[in-house]
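# Observations on the three-dimensional arrangement
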Amino acid sequence: MRLAIKNARIIDPASGRDGHGDLYVADGKISEEFARPERVIDAKGLVAAPGFIDLSARLREPGLEYKATLESEMQAALAGGVTSLACPPDTDPPLDEPGLVDMLRRRAKALSRARVYPIGALTVKLEGERLTEMAQLTEAGCVAFSQANAPLPDTQVLWRALQYAATFGFPVWLRTEDAWLAKGGVAHDGEVATRLGLPGIPAFAETIALATVLELVRATRARVHFCRLSTAGAVELMRAAKREGLPVSCDVGIHHLHLCDMDLGYFDANCRLEPPLRSQRDRDALSRGLEEGTVDCVCSDHTPVDDDGKHRPFAEAEPGATGLELLLPLTLKWGVERKLSLAKTLARITADAARVLGVGSGRLAIGAPADITLFDPAAGVRISPETLKSQGKNTPFLGYELAGKVQYTLVAGNVVYQA
Amino acid sequence: MERNPQLNAKGELQHLLSTEGLPPEILTQILDTAESFVGVTEREVKKVPLLRGKSVFNLFFEPSTRTRTTFEIAAKRLSADVINLNIAVSSQSKGESLLDTVANLSAMQADIFVVRHASSGAPFLIARHVKPHEHVVNAGDGRHAHPTQGLLDLFTIRHYKKDFSRLTVAIIGDVLHSRVARSLIHGLTTLGAPQVRVIGPQTLLPVGVEALGVKVFHDMREGLRDADVVVMLRLQSERMKGALLPSAQEYFKHYGLTLDKLSLARPDAIVMHPGPMNRGVEIDSSVADGPHSVILPQVTFGIAVRMAVMSIVAGN
């Protein structure tokens, strides 16, 4: 389809471009201007940006289809303007065999919607004991290797995994948390957990584990991306690690960027998250870290959970929240709070995320994949179970009025979503 | 943040879930009402018809004999019908969810659910899902709250010390795992006790406990100095299995209440314990059975306090 997008405010964080104009799409790529397009989208009043790249979205397939399906979650992604997503390996069974990864890729491709980038399991069954066949998993389509939220307490295994991955240049994505210190905990170990009588996870559970991995990065030179930082101390460690020139990057989830343990209120199970929501000080440090670039990206950490999983006492509730459709409005909210330009704000879910993921999308240059999201940055959206396309209706942001509504989503030049 | 889920739209007590966030007027109302019931419990015919025709369901998801019995006695003295359910050994083991259990019992026309659960916050979840005419009374949830125990402690303190405005209260022991301590602390700070102290080793005091309005002591002798009220907490034997404490003997040496240590408190100090006691672990028998001890009166007052709570919520 030869398509033209007219009168848009074009924002391309990769090049710094921000101005009104037209975009042309041909053969699935962004192209030079041409005459007689087959379709013209009038994007007056809309921003045209590279399709968003979400570094953590659980699609729940295979195995957990009762919580969500590829169809429902891909629809949610497109409604949120997300055109590429990385999915963690904690499916059932985990993504530890090339066959499973291949099947997921095929299923996703058949739906011809958002681009799905599977992250393979770092260890067999995520048990933290034996390495997976990383080379074969890479051939099957894995872009990185991770333990998702499963612990890897054995530092010998962690060291060997990083050595092996470094040998072949495979990126390793880790959410660091000391398994012993976190054992039994369900909330940030602070005043709120003390008041509510909830077992705590101390902030140093994250920083101790992060410091351990940084030492192993120094030893192995493995490329490590740290997922969903939650503490001020972790931001501090990352700042120093980057200054030192280590091959590391990191992200923060939308929840930890905006919420803190005070939001637990009276045991709100929608705030049962991994890692736990931490203190206001931690949240502020993450927000600042994202602004200065110490934290590279923001992700939705999309984890659909059904009502049965959430209608339980806080500690027994399943961790996670739906997020794909909140990624844009909550990233915009962060940008407004920090008084950033739209281009700088959007960089964290486009160009910067593409760099971490190692893909060619996330920019609007001529010849780049035509993954484009058109949105109205001022239009309000009310977050409610009725408006969410995801099968997961649980989020701490239910009832929020946020700004930023997606009108069109294009993947490889095809209009795959229209509001 | 949502409205305090314990109060109805008029600000009256709909459920009793925690002593935290309750206005002093409501705490005082409960204590005053309990005062009027102390007489009832001493009469030959120990019954008043306030809850006649009402059903009280004792929902115990965690085993307990003492608390369940006192709630049962209190409900019966209010002329309610009492149904005891030990769910720890029935439907939960069959995989039924907490809310399904409650919905089923609700269909049997319950008026008051008395709930004990091992998970902090469970009674809040139930309160959010019951019908408007049903009331939830928290009989202990995880480490979070045990409000009727906190209230009976307040009642006992008021009974012996008349008012809270000059008191120094020392709470000693395993505050980390204690719902009793949390409920008492909130009650005392709400009613204006000027100094509430917690005493224990770092391993048994939760992070940021000072934010509850207490002063922290690790040296028991220092913490007991001039205390008017001494509250001992139960130390469960499983605390010695992890890395929290080396042994019961060593704990008793530093944090057990003996006559010698008690002599540092005020001469008219009272000694309380929520029970069941571990003699020789947190408290010496000479203190438990001595003249300062008000441990048995606490149990008696507990019935009057639970009568007060049930009659107040049922009336709102």
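Here, the structure is the one placed above.
Residues numbered from 1 in each chain as written. Chains lettered and ligands numbered in written order. Predicted model: local features only at pLDDT ≥ 70, side-chain atom pairs only at ≥ 80, totals over all residues.

What follows concerns the overall build of chain A. Along chain A, the regular secondary structure elements total 14 helices and 18 strands. At 20 Å, chain A has a C-alpha radius of gyration in line with the 22 Å of a compact globule built from 419 residues. Each principal axis of the C-alpha distribution contributes one length, and for chain A these read about 65 × 45 × 45 Å. A burial count over chain A gives 59% of its 419 residues as buried. Look at the contacts in chain A between residues 6 or more apart in sequence, and 76% of them connect residues 24 or more apart. (Helix = DSSP H or I, 4+ residues; strand = E, 2+ residues; numbered from the N terminus. Rg over C-alpha atoms; globule rule 2.2 N^0.38 Å. Buried ≥ 20, exposed ≤ 12 C-beta atoms within 10 Å, placed from the backbone. Contact = placed C-beta atoms within 7 Å.)

Another aspect to go through is the overall build of chain B. Regarding its fold elements, chain B presents eleven helices and nine strands. Considering only C-alpha atoms, chain B reaches an extent of 55 × 45 × 40 Å along its principal axes. Evaluated residue by residue, chain B yields a buried proportion of 49% over its 316 residues. A separation of at least 24 residues holds for 76% of the contacts in chain B among residues at least 6 apart in sequence.

Moving on: the nonpolar core. Residue and element names in this part refer to chain A. Judged by nonpolar contacts, the single largest core of 120 residues is most densely connected at Ala 48, Phe 145, Val 172 and Leu 374. No other element matches the seven residues that helix α7 (residues 204-220) contributes to this core. Not counting the four nearest positions on each side in its chain, Ala 48 is found in contact with Ile 5, Ala 8, Arg 9, Ile 10, Leu 23, Ala 43, Ile 372 and Leu 374. (Core = buried A, V, L, I, M, F, W, Y, C linked by C-beta atoms within 7 Å.)

For the rest of this paragraph, the subject is the sheet that holds strand β2 (residues 81-86) of chain B. Residues and elements named next belong to chain B. Read across the sheet, four strands follow the order β2-β1-β3-β4 without closing on themselves; strand pairing throughout is parallel. In this open sheet, the two strands that pair with only one neighbour each are β2 and β4 (135-141). Along the sheet, successive strands turn relative to each other by an average axial angle of 15°, direction set aside. Relative to β2, strand β1 (residues 55-60) runs parallel, the two being bridged by six bridges. Of the residues in β2, the one forming a bridge with Asn 58 is Asn 84. Sheet contacts for helix α11 (residues 295-315): β1, β3 (112-117) and β4; angle to β4, the most-contacted strand, approximately 145°. (Pairing = 2+ DSSP bridges. Axes fitted to C-alpha atoms, helices over the stretch in contact; angles between N-to-C directions.)

Facing the 25 residues of chain B at the interface are 19 residues of chain A. If you list the elements that add at least two residues to the side of chain B that touches chain A, you get α3 (98-106), α4 (122-129) and α6 (179-190) of chain B. In terms of residue count, the dominant contributor to the side of chain B that touches chain A is α4(B) (three residues). Looking at the side of chain B that touches chain A residue by residue, the classes come out as 13 nonpolar, eight polar and four charged. (Nonpolar A, V, L, I, M, F, W, Y, C, P; charged D, E, K, R; others polar.)

The next point concerns helix α2 (residues 66-77) of chain B. Counting along an α-helix, one turn takes 3.6 residues, and residues three or four places apart therefore face a common direction. Residue and element names in this part refer to chain B. Between the first and last C-alpha of α2 there are 17 Å, a value that for twelve residues agrees with the 16 Å anticipated at 1.5 Å per step. Within the span of α2, buried status applies to Thr 67, Arg 68, Thr 70, Phe 71, Ala 74, Ala 75 and Arg 77. Those residues of α2 that are buried lie in contact with α1 (24-42), β1, β2, β3, β4 and α11. Count one or two residues on from α2 and you reach Ser 79, which has phi positive near 70°. (Expected span 1.5 Å × (residues − 1).)

Let's shift gears to the packing of α3(B) against α4(B). All names here are of chain B. Two numbers describe how α3 lies on α4: the axes approach to 10 Å, and their chain directions differ by 50°. Classified by the angle between their axes, α3 and α4 sit oblique to one another. Handedness of the α3/α4 crossing: right-handed. Of the residues in α4, those in contact with Leu 98, Leu 99 and Val 102 of α3 are Ala 122, Leu 125, Ile 126 and His 129. When the residues that make up the contact of α3 with α4 are grouped by side-chain class, the tally is six nonpolar, one polar and no charged. (Parallel < 35°, antiparallel > 145°, perpendicular 65-115°, else oblique. Left-handed = near helix turned anticlockwise from the far one by under 90°.)

Attention now goes to the pairing of strand β16 (residues 372-382) of chain A. Residues and elements named next belong to chain A. When strand β5 (residues 47-50) meets β16, the two strands line up antiparallel, connected through four bridges. For Pro 50, the partnering residue across the bridge sits in β16 and is Ile 372. Looking at chain direction, β16 and strand β17 (residues 401-411) are connected through eight bridges and run antiparallel. Bridge pairing in β17 links Gly 380 to Ala 403.

What follows is about the environment of Leu184(B). Residue and element names in this part refer to chain B. Within the fold, Leu 184 resides in helix α6. By the C-beta count within 10 Å, which is 30 here, Leu 184 ends up buried. When near neighbours in sequence (up to four residues on either side) are disregarded, Leu 184 contacts Gly 150, Asp 153, Ile 171 and Val 231.

In this section: the sheet that holds strand β10 (residues 172-174) of chain A. Residue and element names in this part refer to chain A. As summarised here, the arrangement of the eight strands in space is β6-β7-β8-β9-β10-β13-β14-β15, forming an open sheet in which the pairing is parallel. The open sheet has two edge strands with one neighbour each: β6 (52-54) and β15 (297-299). Across this sheet, the average inter-strand angle for adjacent strands is 30°, counted without regard to direction. Where strand β14 (residues 248-253) and β15 come together, three bridges link them in parallel fashion. By the bridge assignment for β15, Val 252 is matched with Val 298.

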